[in-house]
Each structure stands twice: as C-alpha cells, then as structure tokens.
Amino acid sequence: MIGLIILTSMVFVAYFIFAITKTKIIKYILSPIISLLYGFMLFFIGMSISSVLYVVLAILPVIVVAVHIILLKNAK
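Remember, predicted model here, so these are calculated numbers, not experimental data.

1. Some points on the nonpolar core
The biggest cluster of nonpolar side chains holds 10 residues, and these are Ile-6, Met-10, Val-13, Ile-17, Tyr-38, Leu-42, Ile-45, Tyr-54, Leu-57 and Ala-58. Elements supplying a minimum of two residues to this core: α1 (2–20), α2 (24–47) and α3 (51–75). Considering each element in turn, this core owes the most residues, four residues, to α1. When neighbours within four sequence positions are excluded, Met-10 is seen to be in contact with Ser-35, Leu-36 and Gly-39.

In structure tokens:
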C-alpha cells in the first residue's frame, strides 16, 4: 500500500514539473530526476517513525496538481 502511495505521488510530481517547465530539453530530464528523488525521500520517511510528515508529503503533490488543473480549466 505504501508503495502505491509513493508511486502515485511520484507521478503527480513528474506531471507538475513537466507542466511548469518551459524548455523542452530540461522538461524531459528534470521530470524523472525530481520524481525519483521525491520517491526515495518518501520511501525513507515512510520507513521512519514520523508518519504525519509522510502523509503530508504524500498528499501534497496530489493537491498541488489538482489546483493547477483547476486553474488551467478556469483560465480558458
């Protein structure tokens, strides 16, 4: 279950980085790197005791991407 949460957060982080980056080359390089680093960070925080921090960091990308998509739909 924790692995699914980590993968979901990684996908949302990659999407957000991909959406806000302007340069095409940086877009394809930065998205996977930041996503993997975020996944490793969540993995090691999830293995530690601070579960409240883990939940906040796991849900934060989902909320940010949802707000970003809502703002994009309202701008059109």
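2. Regarding a nonpolar patch on the surface
A cluster of nonpolar residues, Ile-25, Ile-29, Ile-33, Leu-36, Leu-37, Phe-40, Phe-43, Phe-44 and Met-47, forms a patch on the protein surface that exposes about 970 Å² of accessible area. Of the residues examined, Phe-43 reaches a relative accessible area of 40% and is grouped as partly exposed.

Quick notes on the rules
Residues numbered from 1 in each chain as written. Predicted model: local features only at pLDDT ≥ 70, side-chain atom pairs only at ≥ 80, totals over all residues. Heavy atoms only, no water. Core = buried A, V, L, I, M, F, W, Y, C linked by side-chain atoms within 4.5 Å. Buried < 20%, exposed > 50% of the residue type's maximum accessible area, 1.4 Å probe, protein only. Helix = DSSP H or I, 4+ residues; strand = E, 2+ residues; numbered from the N terminus. Contact = heavy atoms within 4.5 Å. Patch = residues over 30% accessible without salt bridge, like charges linked within 9 Å, V, L, I, M, F, W, Y side chains within 5 Å. Areas by Shrake-Rupley, 256 points an atom, 1.4 Å probe, with all protein chains shown as cover. Salt bridge = Lys/Arg side-chain N within 4 Å of Asp/Glu carboxyl O.

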